[in-house]
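Each chain is listed here by its residues.
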Amino acid sequence: MRAVPWVTLLVLLLCAAAAPPRAAEAIPCADCHELEPESYEASAHGFLECGDCHAGTDEVPHAETAGEVDCATCHDGIVEEYRASVHGRVRAEGTAEAPDCQVCHGGIHTVLPAADEASPVHGLRLAETCGSCHADPEKVARYGIKLVRPLEAYLKSVHGQLLAAGGAGPTCSDCHGSHGIQPASDPRSTVFHQRVPETCGSCHGSIAEIYRGSVHGTASARGLREAPVCTDCHGEHRIVSPREKGSPVYATNIPKMTCGRCHGDLRLAEKYDLALDRVPAYQDSYHGLAGRSGRLTVAHCGSCHGVHDTLPSSDPRSHTHKDNLAATCGQCHPGAGQRFAIGTVHFTADNGEHVSVRWVRVIYLWLIYLTVGGMLLHNLLDLRRKVLTPPTRPPADATAAERMSPGFRIAHATLMVSFVVLVYTGFALTYPEARWAQPVLAWEDSLGLRGWLHRGASIVMLAALLFHLLHLALDRRARACIAAMRPGREDLHELVERVRYFFGRRPEPPRTGTLGYPEKLEYLALMWGIVVMAISGFVLWFDNLVLRWLPKWITDLATAIHFYEAVLASLAILVWHLYFVVFDPVVYPMDTAWLTGRSPAARAAERRTAPQEGHGSGGPEAEAAATDGADDRAAVNAARRS
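Residues numbered from 1 in each chain as written. Predicted model: local features only at pLDDT ≥ 70, side-chain atom pairs only at ≥ 80, totals over all residues. Heavy atoms only, no water.

(A) Representation of the nonpolar core. One finds Val-360, Tyr-364, Ile-368 and Ile-561 to be the most contacted residues of the largest nonpolar core, which totals 21 residues. Among the elements of the structure, α22 (355–388), α28 (517–541) and α30 (552–583) are those that each provide at least two residues to this core. With 12 residues, α30 is the single largest residue contributor to this core. Not counting the four nearest positions on each side in its chain, Tyr-364 is found in contact with Val-532, Ile-561, Tyr-564, Glu-565 and Leu-568. One finds Phe-408, Leu-472, Ile-482 and Tyr-523 within the second-largest nonpolar core, a separate group that totals 11 residues. (Core = buried A, V, L, I, M, F, W, Y, C linked by side-chain atoms within 4.5 Å. Buried < 20%, exposed > 50% of the residue type's maximum accessible area, 1.4 Å probe, protein only. Helix = DSSP H or I, 4+ residues; strand = E, 2+ residues; numbered from the N terminus. Contact = heavy atoms within 4.5 Å.)

Below, the structure written as structure tokens:
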């Protein structure tokens, strides 16, 4: 039945090929109808007579119903396809603005072949043609078109840019079809969720084949709507290169924006029995923190699980199967897992954490709470007492003996600078989204600035420690000073008496030597902290070597120790050290010993001057101070000798 029009068309084509070109005046209809003979002659229909399309126009004057164009006369199969499409159905329902043949291809007198760059359906112009409706805000709102601004998105995509550059980029019709376009919700549509891999595979065949064998591909083939297909990960119209920051598959966007969208969804986790802690566990790991900081070379989900070939870790073909994990990790960490199994990768405090890491966390948390809490209580009580009973200030011209020699001051200054840099750059990694961390993370991917600063500061701190040890080896007075740092019974006695002073049980602080328990605690904590931070830091710095010879839980343990020790040290400096050198009323606004070597005279007076007998008020406080005098002198005698 449909062969007749095609035979007619073939005959007409043959006749047109044999017939000489017609002059403009050879078109008799132009006598009554406004025509542009040159445009018509150049069109795809230029070889046809007017009556071939405008049926019933042979008689003049024409009948009222004459002249209606029916494209099905020649293009019956295409017209049938159009009528079944979403555009055809909507137009049949009375929507005059729904596109028909002329809306897309141009007027029948100026229709050009699709291969002609001037044609509205040529690849370079098709997006603009479709956008005349789909990018029109009024039409989008009027007809409830769900997708907003697809033209703008497509033009910015890798497909649109490739086409604009003269390449073979896909156009609207390559993905959605031409005449038989159906809504994406229709199973017949080429962009129906389950058919998307097939559509994309028409260009990306090898990738589509790999995807079909993955856990996502097999789930989608079974009809699971939540199973991700190409557009779920790469986007729809605005598909951009993975090297662009705006891409969902940009390295730092993958964990949260792409994979995390499903694997961090509680509803999907419950529905499909997915582990809900994988995304937060990754985000809090070094890989996740470095990725959140902007490092593109750090491992993300696809680096370990694969991109298009993702499989469950129980599958022997999976990159994360226990037998393949060493090879997977070995891509970045050569030799990892050769002697010990890699073990748990994603773990949280509630699931999969090694017992050693759990105990370190518990011990450090209690240590932080008790230590820092005790420091804070001690200093608040000291401040309260000194505010209520201000200490006696020595004469303005009073001076104190040298407290810090130049060697100590050099070591202290170096430690101070390196400590501040270490704290800032270390916590910038742990809290990469914080505003204060942004300056050092701005060049993290290009220069690795934060990492270099952190490691450089650690070397400076170790150099300061080495300088300190050399100073002790060469200077007898320095050794004597540090020898006095050894804690003893006199320090416990001083603490007890100072607590009595806090609560008004004695009128003035207990006498002590140049070095009291505050300085001794700080020095011992400093030495301990440097050793612990250096060991754990080197384990993390040389992780490839560690993973080659030791199990992975060693690096997990080092990570926990490094973090909690940093928290403890930072809080101790803020709460303990800064109080005694800045906020203590005795030295406020600053103890200048680290600059000049000498503390304010008030500090020396507080440490060395005892209440004078006979000059008290005669009350219980003065009596207690007098009876404690002999004990105080004996308790601090050793410290004074230093």
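(B) The pattern of salt bridges, seen in detail. According to the stated counting rule, one finds 32 salt bridges in the structure shown. The partner of Arg-142 in a salt bridge is Glu-97, with the nearest N and O atoms 2.6 Å apart. Residue Arg-142 is found in helix α8 (residues 137–142), and its partner Glu-97 is found in the loop between α5 (86–92) and α6 (101–105); the two are separated by 45 residues along the sequence. In this structure Arg-142 comes out as partly exposed when scored by relative accessible area, which is 47%. Judged by relative accessible area, which is 35%, Glu-97 ranks as partly exposed. Across the pair Lys-386 and Asp-382 runs a salt bridge whose closest N-O atoms are separated by 3.0 Å. Of the two residues, Lys-386 and Asp-382 both sit in helix α22, 4 residues apart, roughly one turn of that helix. Given a relative accessible area of 3%, Lys-386 falls into the buried group. Judged by its relative accessible area of 1%, Asp-382 falls in the buried class. (Salt bridge = Lys/Arg side-chain N within 4 Å of Asp/Glu carboxyl O.)

(C) Structural view of the packing of α22 against α30. Where α22 contacts α30, the two axes come as close as 10 Å, and the packing angle between them is 0 degrees. Taken together, the axes of α22 and α30 are roughly parallel relative to one another. (Axes fitted to C-alpha atoms, helices over the stretch in contact; angles between N-to-C directions. Parallel < 35°, antiparallel > 145°, perpendicular 65-115°, else oblique.)

(D) Expanded view of the packing of helix α25 (residues 449–474) against α28. For the pair α25 and α28, interaxial distance at closest approach is 11 Å and the crossing angle is 135 degrees. With respect to α28, the element α25 is oriented oblique. Between α25 and α28 the crossing geometry is left-handed. Facing α25, whose interface residues are Arg-455, Ser-458, Ile-459, Met-461, Leu-462, Leu-465, His-468 and Leu-472, α28 presents Tyr-523, Met-527, Ile-530, Ala-534, Phe-538 and Trp-541. Residue composition of the contact of α25 with α28, by class: 11 nonpolar, 2 polar and 1 charged. (Left-handed = near helix turned anticlockwise from the far one by under 90°. Nonpolar A, V, L, I, M, F, W, Y, C, P; charged D, E, K, R; others polar.)

Geometric values such as these leave the question of function open.
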